[in-house]
Structure formats: structure tokens, C-alpha cells
Amino acid sequence: MDYFNYKNGILHVEDLSINNIARSIETPFYCYSSTSMRKNYNDLSNSLSKLNTSIFYAIKANSNLAIIKLFSDLGAGADVVSEGEIRRALKVGIPNNKIIFSGVGKTKKEISFALNKEILQINIESESELELINQTALELNKKANVAFRINPDIEVNTHEKITTGKKENKFGIPWPEAKEVFIKASKMKNINVIGLAIHIGSQLLDLSPLEKAFKIVMDATNELLELGINVKNIDLGGGLGVKYVDEKPPNFNDYADIIKKNIDYENMNIFIEPGRRLVANAGILVTKVIYVKNNGKKTFLIVDAAMNDLLRPSLYDAVHQIKPIQVRESKNKKSFDIVGPICESGDILAKNIMLDEILPEELLSIHSAGAYGSAMSSNYNSRLLVPEILVQNRDFAIIRKRPTYDEMLKIEKLAKWQV
Ligand SMILES: *Cc1c(COP(=O)(O)O)cnc(C)c1O
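Values in this document were obtained by computation on a predicted structure and should not be read as measured data. (Residues numbered from 1 in each chain as written. Predicted model: local features only at pLDDT ≥ 70, side-chain atom pairs only at ≥ 80, totals over all residues. Heavy atoms only, no water.)

**Q** How do you make sense of the layout of surface pockets when you look at a structure like this?
**A** Over the atoms rolls a probe the size of a water molecule, and its path tells where empty space is left. Taken as a whole, the largest pocket spans an internal volume of roughly 690 Å³. Here the residues of the lining of the largest pocket are counted per class, giving eleven nonpolar, 13 polar and twelve charged. Summarising the domain contributions, the lining of the largest pocket has at least three residues from each of domain 1 (4-32 + 280-410) and domain 2 (103-272). (1 Å grid on protein atoms, 1.4 Å probe; cavity = no way out; pocket = protein on both sides within 12 Å on 5 of 7 lines; lining within 4 Å. Points joined across faces, edges and corners; volume = space filled by probe spheres on them. Nonpolar A, V, L, I, M, F, W, Y, C, P; charged D, E, K, R; others polar. Domains from an automatic or database assignment.)

This is the structure in C-alpha cells:
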């Protein structure tokens, strides 16, 4: 069950009507249900309660400070992929020893920052990164706690742009080749090898590739322990899929079962890094129809949200359900393409959506937009970033305001020879 329901024909988030919110906030805006996020987290956490598992929210999915704080208050740590994300996590009070730093391209500056903050672990993705971390730790007179992300070379059935566990992807170090790197690392003076990590892709709807990867990472762990490399953390990554239209995502108990069956949770610390699954279905993007335009062949709804606000349809061919905020019962549904104002033919939010007759000024909700929505937004076409609203029961808060045009323009200036 989610927290976006029609009451008296009007879409509500928890107990608040979207029409009410839209009276004080100009569209487009993102709107999140805090109760839905909390339920996602608690359901996952309950399923894993007997498995010695710690949850690290992958904050790139939705990196608004209020959202990070919501999960932190429930006990989550953070999985981060940049210095900016470390700063976000620390800013809302996530303890340094609950932060894991992932990513293929950490710079020396970011590594220094992480070492100085003494975060829990850095997940290394290449031998050259290992060298740079060792060197940086030496200069700072620190010992870096590291895990290695191994690439288990596993095919997953998801969009090619979110597949990460195949050898042709840039992520991780292939196993068993990586064994040599572990041995080398275990002899380095400023490196403390504490674990292994995997993350094979996102929006996974089938647990079997994940289970294969779990087996590989457990076998790898055992081999390392036999070699006398004292790893204690196994990081199983994120990737659990969600329902956008009619997908059947895996449930948390089945996920817990494949951990239980394949991972030695009694002797190891198990980490997981869910992102999408905690937030996707807890958010919508509210947009207003500007024009209805018929090209003879197609009818377009030109709305005030665009690909710079929600990139997923353009980038991943993602399909989101789109519904009117106010239902009007009619048997006369028509097919529409819903597009934004941006000067790109790829600025499409949805194709062939069946809706009742729609008029300009009408509000629509783009569903399941809580993950990789606002986090991927940009100023393209010099459009302002849109506000984010967090709802709790009957209450709502603006957790990111719409910047002013002055704020958008003030970081730019003319070259000195132009003035
Ligand atoms: C993106 C990412 C995640 C989260 O993935 P979801 O599919 O959103 O759960 C977890 N771990 C790593 C290393 C990632 O890059």
C-alpha cells in the first residue's frame, strides 16, 4: 500500500490534498510522503532483523537533507559517492562511522576528505585507486579502512544504463583476478583491508542474479580468510527494484532469505545499500498542463515539468504512471504524449498515456518519482530547480525551495576582458 490515494476524487498525499498544496506552491514540484518512506525502511529493516545487517541509505537516489535525516533518524547510515554526499550525510548528523564511500572515480581531494573524517570504509574499485588511497593515507599519517568492490561478471535483466556487474561495465575489480590486489593491499602499511562489496545493478526485479553474486562474494570472502586476510564486512550493495507500472518487484522476505542462505551472517557484518526501493514510490512530481496541442497524428499535453526536472524517461526510457489530480469520470479516454517545454525532441515524460479529456491548467501527478528524480535534475534551458515538499499526515514542509532567477544567475560572471 502506498500513501497516494484519491479521496472525494482528488489525489491526496497522506491526509493532504494536492490541490491544497498547489494553492501555495507553484507547479512543478516534487511531493514526498514521509510515512511511506518510513514504512519502506521499517519493513526492510524488520525482514533483516535476525541477519546482523546494517542499512546504508544510498543517498544519490534522493539526496535532499530532510530525506537523509528521515532515514538517519530510523537508524540508517549512508552510502555516498562523492565528497558532496559525505558533506550532506555529516550535515544531518549521520556519524562518520556510519558512512561508506563508493564510486569509481574518487579524487585525491575526496579521498583526503574521507580519511580526515574517519568514515567507516572506502569501497575501492581499482588497483590504481588502491595506490592513491595508500599514498594519501601515508601523507596524512592515517590507516585507510577499505573494502574492495568485486565485479562478479553477472548478467542482469535491467536497462543497460543501470547494469553494473558485468566485466564490460566500469565498476569493481573482476574476481578471481582481484585476489592478487587483496594480497598486495594487505601488505600495504597505510591500508587496512576490512571487507568486500558488490553492487550489480539497479531496478532488479529478479533475485537470481543477486543470489549468484552473493554466492561469489561469499566464496571470495572465504578464500581471503583462508589466505589470512581478516575481512569482516560484506557489503551487498543495493539494486532492489520497484513497481513503476506493472512490474513485480522482489519482496523483502525473499531478499532476506537469499542473504540468509548464502552469506555467513553469524560471523560477518552484513551491509546493504538500498536507494530506489526506499524512496521511489514515496514521491510524485506534480505538473500543470500548459497547452493541449494536436499535430494531426498525435495529441500532446505540453506540461510545465520537463526532462530537466525528471530525466528518467529520456535517459532510461523509463515509464512512469501519470494521472490527473482530479478525476473526471468519462468513458471517452484518449491517448496523449506528455511532453515538456524544453527544446529537445527527447523531452518526453510519457508516451501514449490514456486519459480523459484534459484542459490547460489541469494538474497531473507523475508517480514513483521519489528516486533519481529531483536528484538528477538540472537547470537546462535555464529553468529553475523545482521545490520539494515533504508531507507528514496533515502537515507539509518545503524541504527545498525554488531558487530565484537572481540566485541562478549569480554564480556566473563575464570574463574580465568583456567588462
Ligand atoms: C546506486 C548505488 C546503490 C543504490 O542502488 P539502488 O538501485 O538505488 O538501490 C547502492 N550501492 C552503490 C555502490 C551504488 O552505486
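**Q** What am I meant to see in the site of the ligand here?
**A** Around the ligand, 14 residues are found, and the nearest of them are K60, S202, E273, R276 and Y372. Residue S202 places a side-chain N or O atom 2.3 Å away from an oxygen atom belonging to the ligand. Measuring from an oxygen atom of the ligand, one finds a backbone N or O atom of G275 at 3.0 Å. Surface burial for the ligand is 93%, taken as the share of its 390 Å² of free accessible area covered by protein chains. (Near = heavy atom within 4 Å. Polar contact = N/O pair within 3.5 Å; in protein donor to acceptor, adjacent residues only side chain to side chain. Areas by Shrake-Rupley, 256 points an atom, 1.4 Å probe, with all protein chains shown as cover.)

**Q** What is the right way to read the environment of S382 from this model?
**A** You can see S382 is positioned in the loop between β19 (363-366) and β20 (388-392). Remark: the alpha-carbon pair of S382 and L409, spanning 27 residues in sequence, is separated by 9.2 Å. The contacts of S382, once residues within four sequence positions are left out, are Y405 and M408. (Helix = DSSP H or I, 4+ residues; strand = E, 2+ residues; numbered from the N terminus. Contact = heavy atoms within 4.5 Å.)

**Q** Hey, could you run me through the packing of helix α5 (residues 108-117) against helix α6 (residues 127-139) in this one?
**A** It is at 10 Å that the axes of α5 and α6 come closest, and there the two elements cross at 55 degrees. Comparing the axis directions of α5 and α6 gives the class oblique. The element α5 and its partner α6 pack so that their crossing is right-handed. Residues K108, I111, S112 and L115 of α5 touch α6, and the partners they reach there are L132, I133, Q135, T136, A137 and E139. Counted by class, the contact of α5 with α6 contains five nonpolar, three polar and two charged residues. (Axes fitted to C-alpha atoms, helices over the stretch in contact; angles between N-to-C directions. Parallel < 35°, antiparallel > 145°, perpendicular 65-115°, else oblique. Left-handed = near helix turned anticlockwise from the far one by under 90°.)

**Q** Teacher, can you tell me more about the packing of aromatic side chains here?
**A** Here a ring pair, both rings aromatic, is described through the centre-centre distance and the interplanar angle of the planes. Counted under the stated rule, the structure contains seven aromatic pairs. Judged by centre distance (6.2 Å) and plane angle (20 degrees), the rings of Y30 and Y32 are stacked. As far as burial versus exposure is concerned, Y30 and Y32 are alike and both buried. Between W175 and F182, the ring centres sit 5.9 Å apart and the planes meet at 80 degrees, which makes this aromatic pair edge-to-face. Here W175 and F182 have matching classes, each one buried. An aromatic cluster of at least three residues, connected via ring pairs, comprises Y41, Y57 and F71. Sitting over the face of the ring of F101, K106 holds its NZ or CZ atom 5.5 Å from the ring centroid. (Phe/Tyr/Trp six-rings, centres within 6.5 Å; stacked < 30°, edge-to-face > 60°. Buried < 20%, exposed > 50% of the residue type's maximum accessible area, 1.4 Å probe, protein only. Lys NZ or Arg CZ within 6 Å of the ring centre and 35° of its normal.)

**Q** How should the side chain of R277 be read in this particular structure?
**A** Among the structural elements, R277 can be located in helix α10 (residues 276-279). As a buried residue without a salt bridge, R277 has its nearest oppositely charged side chain in D43, at a separation of 8.0 Å. One polar contact links the side chain of R277 to the main-chain carbonyl oxygen of G241, over a distance of 3.0 Å. (Lys, Arg positive; Asp, Glu negative; His and termini not counted. Salt bridge = Lys/Arg side-chain N within 4 Å of Asp/Glu carboxyl O.)

**Q** How should unusual backbone geometry be read in this particular structure?
**A** Backbone phi values are negative for most residues with the exception of glycine, while trans is the configuration of most peptide bonds. Going from T27 to P28, the amide bond is cis rather than trans, its omega being -10 degrees. The amide bond that connects W175 to the next residue, P176, takes the cis arrangement and shows omega of 10 degrees. As for its position among the elements, P176 is in the loop between β10 (173-174) and α7 (178-186). A positive phi angle, close to 50 degrees, is found at E14, a residue other than glycine. Residue placement: E14 occurs in the loop between β2 (10-13) and β3 (16-17). Overall, the relative accessible area of 7% leaves E14 in the buried class. Positive phi is not limited to glycine here, since E118 has a value of about 50 degrees. Structurally, E118 can be placed in the loop between α5 and β8 (121-124). A residue is classified by how much of its surface remains accessible, and E118, at 49% relative accessible area, is partly exposed.

**Q** Looking at this structure, how should I read the domain arrangement of the chain?
**A** For an interface, size is often stated in terms of accessible area lost upon the parts coming together. Looking at the assigned domains, one finds that the chain contains domain 1 (4-32 + 280-410) and domain 2 (103-272). A separation of 36 Å is found between the C-alpha centroids of domain 1 and domain 2. Counting residues at the interface gives ten residues for domain 1 and seven residues for domain 2. Considering only the surface of domain 1 that becomes buried against domain 2, Y316, V319 and Q321 emerge as the three largest contributors, covering 44% of it. Where domain 1 packs against domain 2, one counts zero salt bridges. On inspection of domain 1 and its partner domain 2, the count reaches one residue pair in polar contact (both at pLDDT 80 or more). Looking at the side of domain 1 that touches domain 2 residue by residue, the class counts come to four nonpolar, four polar and two charged. (Buried area = accessible area lost by both parts, 1.4 Å probe.)

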